[in-house]
Amino acid sequence: MPRESWSGPVESGVAGPACESADVTDPNDVSDPDGEYAAGEQAARGKQATGEQAVRGNRSAHRERSVRGERAARGKRVLTAPPTVLVLSLTALALLLHGAAADRLGADLAGGALLPVGDLAAVWSAYLDAWHGVAGGTTSAGSPALAVLGAAGALLGGPAVAVSLLLLLDLPASALVAYAATRRLNAGRWARAGAAAGYALAPAATDAVASGRIGVVVVHLALPAVVAGIAALLTGSEVRLLPLSAVCALGLALLGVFSPLTYGMVLAGLLIGFVVLPAPEGRSWKRLPAMVMVVLLPLALALPWLPTLVAHPELLLHGLTGPADAASVAGLAGLHPSGGVPLGLVLVVVAAVAVATAASARMAAGAGLVAIGCAGVAVTQLVQVEPITGGGAAPAYAGAPLVVVTAGLVAIVLGGRRGAGDGGPRTAVAGGVAVTLVLLATAAFLGGGGEVRSGGGVRLPAALDEELDDNGRGVLVLGSDGTPDRMAAGRTPQFGDDALSPVGGMAERLEGWRYGLLGGSRDAVTNVAAAGVEFVVLPAGENGRELRTDVSDLVSRAPRTSDGRTVLRLTPEAGQVTLVSPEQAHHAVSGSAPSDELMRGAAIAPVDAQLPDARVRVSAGPDGRLLVLAAEYEPGWSATIDGEPVPITPAWGHQVSVAVPEAESEVVVRYTAPWHSVLLLIGVAALLFTVLTAVPGRLRTSRST
């Protein structure tokens with residue numbers, strides 16, 4: 001075996017003969033008596049390993065520094081991106097607006113046109129039930145907007161929370177939707193962000209939030225997405241028509257159930273665009289089924305509500321939150337339906353300047369929106385109808401059409417000719433945009449007070465609410481200064497009640513009761529008590545002196561409402577269902593007012609039953625008794641005694657009642673509306689079809705790979 005020679009390093013400090021001959025090694029000598037060969041080899045390997053570890057460590061540190069740098073750069077890009085800056089700045093502005101300018105930082109906002117929102121069960125019942133204990137009882141269908149709030153409330157912690165978030169986050173949310181809706185436009189990201197901020201700060205939307213016009217707030221949030229979808233449907237050559245038309249139908253349905261007037265305006269724009277705009281190549285005949293789907297599906301989704309809309313077209317104009325005062329010319333010019341400082345006029349001026357200096361064919365869509373919105377404004381101010389809740393003819397709130405006008409003005413500015421702002425004018429354009437946004441933000445602060453606040457609206461103390469929940473009796477809230485009289489069974493009036501149609505003549509009865517109660521009329525007190533009312537909330541500023549003086553034996557004081565209004569308790573015996581004596585029954589069928597003497601003691605017996613289905617076991621007694629329900633008579637009520645059908649006898653000319661025999665018997669009175677369940681099922685089927693059709697689709701152009 002060949003021999004290897006080794007020459008290892010000589011350690012310093014080692015003396016002796018071995019050191020002198022250390023550099024002269026016998027090649028035939030392979031012995032290593034002192035282990036110097038193994039030690040040197042181990043040291044060399046250690047140095048090599050240490051070097052390799054150092055290299056690996058340097059590479060790892062470099063990679064970590066690179067990753068950290070990339071993350072920091074990516075984070076910086078995200079934080080300084082236009083949509084991020086847009087959302088963060090408008091969120092901060094919204095917090096300042098709702099926290100400093102108004103007491104609106106809460107999860108139970110109400111006030112102004114927005115009545116307190118019920119809990120999840122109450123909201124779903126208001127939509128699904130065929131009979132509602134509102135205004136003495138009505139079979140009017142609830143708005144599908146209640147179903148939308150019920151679905152949102154199931155996800156967000158309750159319908160009241162959903163409504164509050166909608167109002168509080170309208171500014172950043174509408175800006176983000178508008179920014180996303182303009183992504184197909186040939187415009188820079190910062191230009192789109194500025195346009196989205198201008199749209200979000202629309203004075204009409206700010207006023208709608210402050211006054212509780214929730215329908216206009218939904219329009220403000222959803223309109224850009226709906227308009228963008230319709231534009232893609234009309235002009236896109238590579239879009240998937242079926243899914244996109246389903247998405248557009250959902251958007252139109254959402255607008256329609258919260259603001260029927262806006263649905264009409266957008267539908268008019270859709271039909272005009274379908275007729276006027278040239279069809280994309282190869283799509284001329286394919287667009288027609290998509291248009292039919294977009295038009296008809298929203299009607300199917302809102303099918304249970306359609307009979308009410310047909311019978312009461314005033315809902316198409318006034319919407320869910322009722323009429324408003326006529327808007328001033330200055331307010332309309334400033335895009336602010338309630339008046340105030342017309343700072344919104346600056347947006348009109350900016351759009352006019354854009355048309356004069358950078359006219360482009362892309363402005364046509366914005367001009368069309370402005371024209372449609374102006375037509376809607378004219379309808380709201382010139383067409384005055386009597387509200388569904390009664391009262392004199394009144395105009396509609398102009399907020400929704402002004403939001404459409406604002407969207408059109410922003411689209412005009414954004415559609416200006418590219419290159420018009422190059423060079424020196426570009427700085428002026430940026431400065432003009434900044435000034436416009438500052439003025440719009442100022443307008444938001446100046447008009448952002450309003451009546452909506454946390455815990456607002458008419459609310460009774462918790463103890464009275466529990467009492468009403470137990471006995472099912474009603475609350476009558478007397479109106480004033482244009483607000484209607486409202487009556488509800490088992491609770492105070494809530495959101496959605498103003499969109500329910502009272503039975504014919506009930507609005508006039510409520511008005512007569514108001515005048516009688518404020519004048520101290522004994523008959524008014526007994527009539528109201530016979531209708532099942534226990535508490536009367538007087539208008540602001542009224543203390544009920546006449547009632548407490550003239551009929552002190554029939555009323556007593558109760559704790560005030562949350563907004564400081566006087567509450568009176570009616571002391572006559574009554575309930576949702578009562579069994580009255582033959583003497584009182586004679587008053588009921590003869591048209592006389594209920595006798596207060598016969599509303600005490602053995603002459604009347606409240607029955608433990610819940611409307612609209614009352615099942616009562618009546619003991620033997622004198623002939624001529626009546627079982628009276630606190631419900632207005634309408635077709636659909638039926639009664640049986642021991643299983644045999646019997647006629648309904650109107651009590652006091654308008655309430656449901658049944659003549660009770662002398663012998664012990666079981667009396668059943670109920671309201672049935674089988675058509676209502678059928679319409680609900682059709683609406684659910686339409687919703688499932690629309691959602692399943694829309695899910696595979698995307699609101700972006702499908703490109704072949």
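Being a predicted model, the structure only gives us computed values, none of them experimental. (Residues numbered from 1 in each chain as written. Predicted model: local features only at pLDDT ≥ 70, side-chain atom pairs only at ≥ 80, totals over all residues. Heavy atoms only, no water.)

1. Structural notes on the nonpolar core
The following threshold applies: Here the nonpolar core consists of buried residues drawn from Ala, Val, Leu, Ile, Met, Phe, Trp, Tyr and Cys, with membership extended through side-chain atoms lying within 4.5 Å. Working definition: with a 1.4 Å probe on protein chains only, accessible area under 20% of the residue-type maximum means buried, over 50% means exposed, and in between means partly exposed. Secondary structure elements are taken from DSSP: a helix is a run of H or I of four residues or more, a strand is a run of E of two residues or more, and numbering for both begins at the N terminus. Contacts are assigned to residue pairs with any non-hydrogen atoms lying within 4.5 Å of each other.
Among the nonpolar cores identified, the biggest contains 97 residues, and Leu167, Leu223 and Phe495 are the most heavily contacted of them. A total of twelve residues in this core trace back to one element, the largest contributor, which is helix H10 (residues 214-235). Leu223 has contacts with Tyr199, Leu255, Val266, Val403, Val404 and Ala407, leaving out every residue within four places of it along the chain.

2. Brief notes about the sheet that holds strand E11 (residues 625-632)
Quick reminder of the rule: Should DSSP find at least two bridges between two strands, the strands are taken to pair. The axes are straight lines fitted to the C-alpha atoms, using for helices just the contacting stretch, and the angles between their N-to-C directions are given from 0 to 180°.
Read from one edge of the open sheet, four strands run E9-E8-E11-E14, paired in antiparallel fashion. In the strand order of this sheet, the two ends are held by strand E9 (604-607) and strand E14 (655-660), each with one partner. Pairwise comparison of adjacent strand axes, ignoring direction, gives a mean angle of 25 degrees for this sheet. By the bridge criterion, four bridges tie strand E8 (residues 577-580) to E11 in an arrangement that is antiparallel. Along E11, the bridge assignment pairs Val580 with Leu626. The strands that helix H25 (residues 582-590) touches are E8 and E11; relative to E11, the one it contacts most, it runs at about 45 degrees.

3. Observations concerning the packing of helix H13 (residues 287-301) against helix H26 (residues 674-694)
Stated formally: The labels follow the angle: roughly parallel below 35 degrees, roughly antiparallel above 145, roughly perpendicular from 65 to 115, and oblique for the rest.
At a minimum axis separation of 8 Å, H13 and H26 run at an interaxial angle of 140 degrees. With respect to H26, the axis of H13 lies oblique. Seen from H13, the contacting residues are Met293, Leu297, Ala300 and Leu301; seen from H26, they are Gly683, Ala686, Leu687, Phe689 and Thr690.

4. What about H25?
Put simply, the rule is: The reported arc concerns the directions from the helix axis to the C-beta atoms and nothing else.
Taken residue by residue, H25 has Gln584, Ala585 and Ala588 as its buried positions. Each buried residue of H25 lies within a common arc of 105 degrees when the element is viewed along its axis, so the set occupies one face. Check the buried side of H25 and you find it contacts E8 and E11. Immediately downstream of H25, the backbone of Gly591 shows phi near 90 degrees, a positive value.

5. Some thoughts on the packing of helix H6 (residues 159-168) against H10
A packed helix pair is summarised by two numbers, namely the angle formed by the two axes and the spacing between the axes. Worth spelling out the cut-off: Each crossing is labelled by how the near helix is turned from the far one, with a counterclockwise turn of less than a right angle marking it left-handed and a clockwise turn marking it right-handed. Nonpolar residues are Ala, Val, Leu, Ile, Met, Phe, Trp, Tyr, Cys and Pro. Charged residues are Asp, Glu, Lys and Arg, and all others, Gly as well, are polar.
H10 packs onto H6 with a crossing angle of 60 degrees between their chain directions and a minimal axis gap of 10 Å. Between H6 and H10, the angle is such that the two are oblique. Note that H6 runs across H10; the crossing there is left-handed. Along its contact with H6, which presents Val163, Leu166 and Leu167, the element H10 presents Ile214, Val217, Val218 and Leu221. Grouping the constituent residues of the contact of H6 with H10 by class yields seven nonpolar, no polar and no charged.

6. Details of the sheet that holds strand E12 (residues 637-641)
Taken in spatial order, the four strands make up an open sheet running E10-E15-E12-E13, and their pairing is antiparallel. Every other strand in the sheet has two partners, leaving strand E10 (614-618) and strand E13 (644-646) as the edge strands with one partner each. Taken over all neighbouring pairs, the strand axes of this sheet differ in orientation by 25 degrees on average, direction set aside. Pairing of E10 with strand E15 (residues 665-671), which is carried by five bridges, proceeds in the antiparallel orientation. Along E15, the bridge assignment pairs Arg615 with Val668.

7. Comments concerning the side chain of Thr690
By the element assignment, Thr690 lies in helix H26. Setting aside its immediate chain neighbours within four residues, Thr690 contacts Ala246, Leu250, Leu297 and Leu301.

8. Some remarks on H13
The periodicity of an α-helix, 3.6 residues per turn, causes residues three or four positions apart to be oriented the same way. Keep this limit in mind: A helix is expected to reach a length of 1.5 Å times the quantity of its residues less one.
Over its 15 residues, H13 extends 21 Å from the first C-alpha to the last, a length consistent with the 21 Å expected when each residue adds 1.5 Å. All buried positions along H13 are accounted for by Arg287, Ala290, Met291, Met293, Val294, Leu297, Pro298 and Leu301. Looking at the buried side of H13, the elements it contacts are H10, helix H11 (241-258), helix H12 (260-276) and H26.

9. Observations regarding the packing of aromatic side chains
Spelled out, the test is: By convention, a stacked pair of Phe, Tyr or Trp rings (six-membered ring in the case of Trp) has centres within 6.5 Å and planes under 30 degrees apart, an edge-to-face pair has planes over 60 apart, and any other such pair is tilted.
Considering all chains together, one arrives at two aromatic pairs under this definition. On the basis of an interplanar angle of 80 degrees and a centroid distance of 6.1 Å, the ring pair of Trp131 and Trp637 is categorised as edge-to-face. Pair noted here: Trp131 is in the loop between helix H4 (120-128) and helix H5 (145-156) and Trp637 is in strand E12, with a separation of 506 residues, a long-range link. On the basis of relative accessibility, which here comes to 7%, the residue Trp637 falls in the buried class. Note on Trp637 and Tyr671: the rings are 5.7 Å apart at their centroids and 55 degrees apart in plane angle, and the pair reads as tilted. Pair noted here: Trp637 is in strand E12 and Tyr671 is in strand E15, with a separation of 34 residues, a long-range link. Here the two residues Trp637 and Tyr671 agree in accessibility, since each one is buried.

10. Brief notes about the pattern of salt bridges
Quick note on the threshold: For this document, the term salt bridge refers to a Lys or Arg side-chain nitrogen within 4 Å of an Asp or Glu carboxyl oxygen.
Tallied over the entire structure, the rule returns 13 salt bridges. For the salt bridge of Arg491 with Asp497, the shortest nitrogen-to-oxygen distance reads 3.0 Å. On the basis of relative accessibility, which here comes to 23%, the residue Arg491 falls in the partly exposed class. In this structure, a network of salt bridges that share partners links the residues Arg522, Asp553, Asp596 and Arg600.

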